[in-house]
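Given next are the chains, with one letter for each unit.
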Amino acid sequence: MKNHIYQINRQSESRNGSRARRVVAVASAVSALGLGCGEAPPVVPPASEPQLGSQEQRLEHVVVPVSISTEAVLGQGRNSITHEFRGMCVSAPTVNIPTQEATIRFDSSFSRDETSEMLGFSVEAKAKFAKWGASARAKFSRSLESKTYSMTKVYGADYRLETRKLDESQLNWLVSPTASDWLTRCGDEFVMQKQVGGQLFLLYRIDFDSVETKSEFQAAVGANWGAGEVNAEVQKMAQQFRGRASVHVEAFQSGGDVTQLGNIFSGIGGTVEPGRAAVDCNIDNLTACGEFMRLGLAYATAQTPDAFQPTLRANPADRAYLLKDWSVLGVPMPPRIVTTQIQYARRHLEELFDQQLEIQDRIQTLRRSQFPLRTEVQALMQQYDSESQYNISLILAASQKCYDLLTDMNNAAQVAACVNGAQESNMPGFKALDIRKLDLRLPYTFGGMYQVDDSQTPRVISIPFGGSITIPPANVANPATGGLSCPAGFQPYRYGRILTPGTGRGGNQYLCLGTTTDTSLTWHFAGAYQKDTDGNYPTGNPYFPITISFPTKKTIYLTSCPSSSALKMGSAQVPTTDGSTIAVEKFLCSTMTWTTGSMKFAGMYQLDPCGSDSVPNHFTGNMGCPAGFIAMKFGQVITPTSRCTATQYLCKSQY
């Protein structure tokens, strides 16, 4: 057997004149022994090596153990259709071939796909379903699933120290090759050789409250951060993204003394178990995450007796198995081919499974974070948590039909059970879940505003010397619909409680919101303001500022609209300087067009200093704005209960 040896090259370079770091340039570990993903060259034994099988080799491939230690032994059989290891069927002395092979990357990060492949969850389909397990490897792999709302950096080292293979010249059959139950006991392939070594990965993941925040962050920062600098670089953005981002760091180890992670990270807090440690930080307090990365990098590169590399040499774990068809040892094997329809069913189950894992990870991230969670988001998280877990149970049950129970590819009933069972329509109770609904910052589109008088009965006022005046209810229609309603797909949310002019009764003001998953269009919004007929008691539009220099330099807000139309959306009473009241009209600024995208503000609220008629912001559940938004006054109104003067605010993006 050829012995592929790769030399680890090290060089130091100064970065910003502050310190030197190691850069490792190595050949990919996965390519050794023909074990590579993709088109790796086959393993060809030299002519002098004995070949016990008379038939031509027709299959060899790689399996990576999903535990942190050992999963299979040399000579063990395996079923290539069900992906199950079987019994011990052949034995022989072991030939040990030292190797020096590694993929080490701390100055740049691995991609998600590279990491998943090295962990063993991309090499073979069935292994993906093990990510729902409780092992350290499975938990770490689940942390890689977050894509929609996260940026993930993975650093680490993947070592392969030795190849161990069966000595084919001293083969000893433990099960007769002619046994009638050979396939059941031994499968159609066996573990011919394995590599031992170990892995240490450091994950640094930035989680965002919304897709829009993630895009904003990506546009503002670079991408090529090393493990030693990533926390400091993220720290630079802490003020801008305060309350809108959090950080999750995690370490995973296989091989060596996996209990050392507990010793290394025990003083930081978080979660520690054999082979895995994790810590969560708010973006405005990254001290623990920075220390986690510093200690992890030191542990990965140090040569002290209790560091990763020395303990790995003393106690390596199984890193990869090379499986070969029994026919290479002369055991007749009928062709066992996974049909296209089975492959499609398996891939579909994998896609469904990955979707549920990402939803699960998003829910756990939100629970760990300090993001402000609206009441309906908390309810949706609870609903999605139970529904996604149930979906996973259905998917795992369906996967059994496509693996464990698929013992005969020529059995039409087994094939049909797999193909049909992989469809959501055949999974009783399966729920279609949309991860976009777990967006916290701007999941809404805007559908206009309107006002409704408490009473729809006109007010009749008698006048001296006979007669009367009829004052209609102080309703103001939604400019987007022409009525006291929201467009289809939108819901009304109250933002104001006012004393109406004319009728002198109470009235409610509403904002129409629709989720981006329910409606794809948003009405154009360019602010709001109010003014009386004479212009003496205005409240300007936060979206239309101008700066004046005389007599002193200051910013004022105009009672008009920037490049859009002023549309009446309410009315109210405000106090005057002489203690009386005056009617004001409230205006919405819009081009009256529907466009794609999200509205550029995060709700409205009303603050009554007397407390009786305050109206909280639907986005926060209180009289305030979400992180990343600033409260801007756009109206003042007299309230119907306290008759105090309340201030109305809208939440405008700071960035």
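Refer to the structure presented above.
A brief look at the structure comes next. Residue positions are given per chain, counted from 1 along the sequence in the order it is written. Only residues with pLDDT of at least 70 are given local features in this predicted model, and only at 80 or more are side-chain atom pairs given and counted; all residues enter the totals for whole chains, interfaces and linings. With hydrogens and water excluded, all non-hydrogen atoms of the structure serve as input to the side-chain values.

### Some thoughts on the overall build of the protein
Right, on to step 1. Counting from the N terminus, the helices are the DSSP runs of H or I reaching at least four residues and the strands are the DSSP runs of E reaching at least two. For the protein, the helix and strand inventory stands at eleven helices and 29 strands.
Right, on to step 2. Of all 655 residues assigned to the protein, the portion counted as buried reaches 51%.
Right, on to step 3. Expressed as a percentage of contacts within the protein between residues at least 6 apart in sequence, the contacts between residues at least 24 apart total 75%.
Right, on to step 4. About 27,800 Å² of surface is accessible on the protein, with carbon and sulfur atoms providing 50% of the total. Buried means the residue's accessible area, taken with a 1.4 Å probe over protein chains only, is under 20% of the maximum for its type, while exposed means over 50%, and partly exposed covers the values in between. The contact rule is simple, with two residues in contact once any of their heavy atoms fall within 4.5 Å. To be clear on the numbers: accessible area is Shrake-Rupley with a 1.4 Å probe, and residue cover counts the displayed protein chains and nothing else.

### As for the environment of Leu295
Right, on to step 1. Examined against the element boundaries, Leu295 turns out to sit in helix 7 (residues 287–301).
Right, on to step 2. Excluding residues that lie within four positions of it along the chain, Leu295 makes contacts with Ile264, Phe265 and Ile268.

### Focus on the layout of surface pockets
Gaps left between atoms show up when a probe the size of a water molecule is rolled over them.
Right, on to step 1. Approximately 340 Å³ is the volume attributed to the second largest pocket.
Right, on to step 2. Cavities and pockets were defined on a 1 Å grid built over protein atoms only: a cavity is a set of grid points that admits a 1.4 Å probe from which the probe cannot escape, a pocket is an open set flanked by protein on both sides within 12 Å along at least five of seven lines, and lining residues are those with an atom within 4 Å of any such point. Residue lining of the second largest pocket: 17 residues in total, with Arg142, Arg276, Asp361, Gln364 and Arg368 positioned closest to the centre.
Right, on to step 3. Among the elements of the structure, helix 2 (136–142), strand 11 (245–254), strand 13 (276–282) and helix 9 (340–368) are those that each provide at least two residues to the lining of the second largest pocket.
Right, on to step 4. It is helix 9 that contributes the most residues to the lining of the second largest pocket, five residues altogether. Grid points are joined across faces, edges and corners, and a volume is the space filled by probe spheres set on the points.

### Brief notes about the sheet that holds strand 27 (residues 601–607)
Right, on to step 1. Think of it this way: DSSP has to see at least two bridges between two strands before they count as a pair. Taken together, three strands build an open sheet; the order of strands is 27-29-28 and the sheet is antiparallel. The strands lining the two open edges of the sheet, one partner per strand, are strand 27 and strand 28 (629–638). This sheet shows a mean twist of 20° between the axes of neighbouring strands, independent of strand direction.
Right, on to step 2. Bridging between strand 27 and strand 29 (residues 645–653) involves five bridges; their strand directions are antiparallel. Bridge assignment links Phe601 to a residue of strand 29, and that residue is Lys652. The axes are straight lines fitted to the C-alpha atoms, using for helices just the contacting stretch, and the angles between their N-to-C directions are given from 0 to 180°.

### Re helix 4 (residues 211–220)
Think of an α-helix as turning once every 3.6 residues; residues three or four places apart then point the same way.
Right, on to step 1. Buried residues of helix 4: Thr213, Lys214, Glu216 and Phe217, and no others. Considered in projection along helix 4, the buried side chains sweep an arc of 165° and stay on one side of the axis.
Right, on to step 2. Those residues of helix 4 hidden inside the fold are in contact with strand 8 (150–166), strand 10 (189–208) and helix 5 (230–235). Within this analysis, the arc is defined by the directions that extend from the helix axis to the C-beta atoms.

### Here's the deal with the sheet that holds strand 24 (residues 565–575)
Right, on to step 1. Pairing in this open sheet of three strands is antiparallel, and the strands run 21-25-24 from one edge to the other. At either end of the open sheet lies a strand with only one pairing partner, and these are strand 21 (528–531) and strand 24. Averaged over neighbouring strand pairs, the angle between their axes works out to 25° when direction is ignored.
Right, on to step 2. In this structure, strand 21 lies alongside strand 25 (residues 581–590), joined through four bridges in antiparallel fashion. Across the sheet, residue Ala528 finds its bridge partner in strand 25, namely Leu588.

### Here we look at the pattern of salt bridges
Right, on to step 1. For this analysis, a salt bridge means a side-chain nitrogen from Lys or Arg found within 4 Å of a carboxyl oxygen belonging to Asp or Glu. For the structure shown, the criterion picks out 26 salt bridges.
Right, on to step 2. A salt bridge links Lys131 to Glu145, with the nearest nitrogen and oxygen atoms 2.7 Å apart. Here Lys131, found in the loop between helix 1 (112–119) and helix 2, pairs with Glu145, found in the loop between helix 2 and strand 8; they are 14 residues apart in sequence, far enough to count as distant. For the residue pair Lys131 and Glu145, the accessibility class agrees, reading buried in each case.
Right, on to step 3. Between Lys194 and Asp318 there is a salt bridge, with the nearest N and O atoms lying 3.3 Å from each other. On the criterion of sequence distance, the pair formed by Lys194 in strand 10 and Asp318 in strand 14 (residues 317–325) is long-range, its members being 124 residues apart.
Right, on to step 4. Lys194 sits in the buried class, given a relative accessible area of 11%.
Right, on to step 5. It is possible to trace a salt-bridge network through shared partners that takes in Lys131, Glu145, Lys147, Asp354 and Glu358.

### Comments concerning the packing of aromatic side chains
Any two aromatic rings considered together are summarised by their centre-to-centre distance and by the angle between their planes.
Right, on to step 1. What counts as a ring pair is set by centres within 6.5 Å for rings of Phe, Tyr and Trp (its six-membered ring), and what kind of pair is set by the plane angle: stacked under 30 degrees, edge-to-face over 60, tilted for all other angles. Inspection of the entire model under this criterion finds 23 aromatic pairs.
Right, on to step 2. Pairing Trp173 with Trp326 gives two aromatic rings, centres 6.0 Å apart and planes at 45°, and the pair type is tilted. A residue pair is termed long-range when its members are at least 10 positions apart, and Trp173 in strand 9 (residues 172–173) and Trp326 in the loop between strand 14 and helix 9 qualify at 153 residues.
Right, on to step 3. On the accessibility criterion, Trp326 (0% relative accessible area) is buried.
Right, on to step 4. Between Trp523 and Trp594 the ring centres are 6.4 Å apart and the planes differ by 55°, which places this aromatic pair in the tilted class. You can see Trp523 sitting in strand 20 (residues 521–523) and its partner Trp594 sitting in strand 26 (residues 594–596), a full 71 residues away along the chain.
Right, on to step 5. Judged by relative accessible area, which is 4%, Trp523 ranks as buried.
Right, on to step 6. Residue Trp594 is classed as partly exposed on the basis of its relative accessible area of 33%.
Right, on to step 7. Three or more aromatic residues joined by ring pairs make a cluster, and in this case those are Phe110, Phe140, Phe201 and Phe252.
Right, on to step 8. Criterion for a charge above a ring: Arg CZ or Lys NZ at most 6 Å from the ring centre, at most 35 degrees from the ring normal. The side chain of Arg78 reaches across the aromatic face of Phe85, ending 5.5 Å from its centre.

### Focus: the nonpolar core
Right, on to step 1. Phe106, Tyr204, Phe217, Val234 and Met293 are the most contacted members of the largest nonpolar core, which totals 41 residues.
Right, on to step 2. With six residues, the top contributor of residues to this core is helix 7.
Right, on to step 3. When near neighbours in sequence (up to four residues on either side) are disregarded, Phe217 contacts Met151, Ile206, Phe208, Trp225, Val234, Met237 and Phe241.
Right, on to step 4. Counting 24 residues, the second largest nonpolar core, distinct from the first, contains Phe446, Tyr495, Met599 and Tyr605. Take the buried Ala, Val, Leu, Ile, Met, Phe, Trp, Tyr and Cys residues and link them wherever side-chain atoms come within 4.5 Å; each set so joined is a nonpolar core.

### Considerations on helix 11 (residues 412–421)
Right, on to step 1. The complete set of buried residues in helix 11 reads Gln414, Val415, Cys418 and Gly421. The buried side chains of helix 11 occupy one side of the element, clustering within an arc of 150° when seen end-on. The exposed residues of helix 11 that point more than 90 degrees off its buried face are Ala412 and Ala413.
Right, on to step 2. In this structure, the buried side of helix 11 is in contact with helix 9 and helix 10 (375–402).
Right, on to step 3. Polar contacts here mean pairs of N or O atoms no more than 3.5 Å apart (in protein, one a potential hydrogen donor and the other a potential acceptor; neighbouring residues in sequence count only if both atoms are side-chain atoms). One side-chain oxygen of the residue at the start of helix 11 lies 3.0 Å from the amide nitrogen of Ala413, identifying that residue as Asn411.

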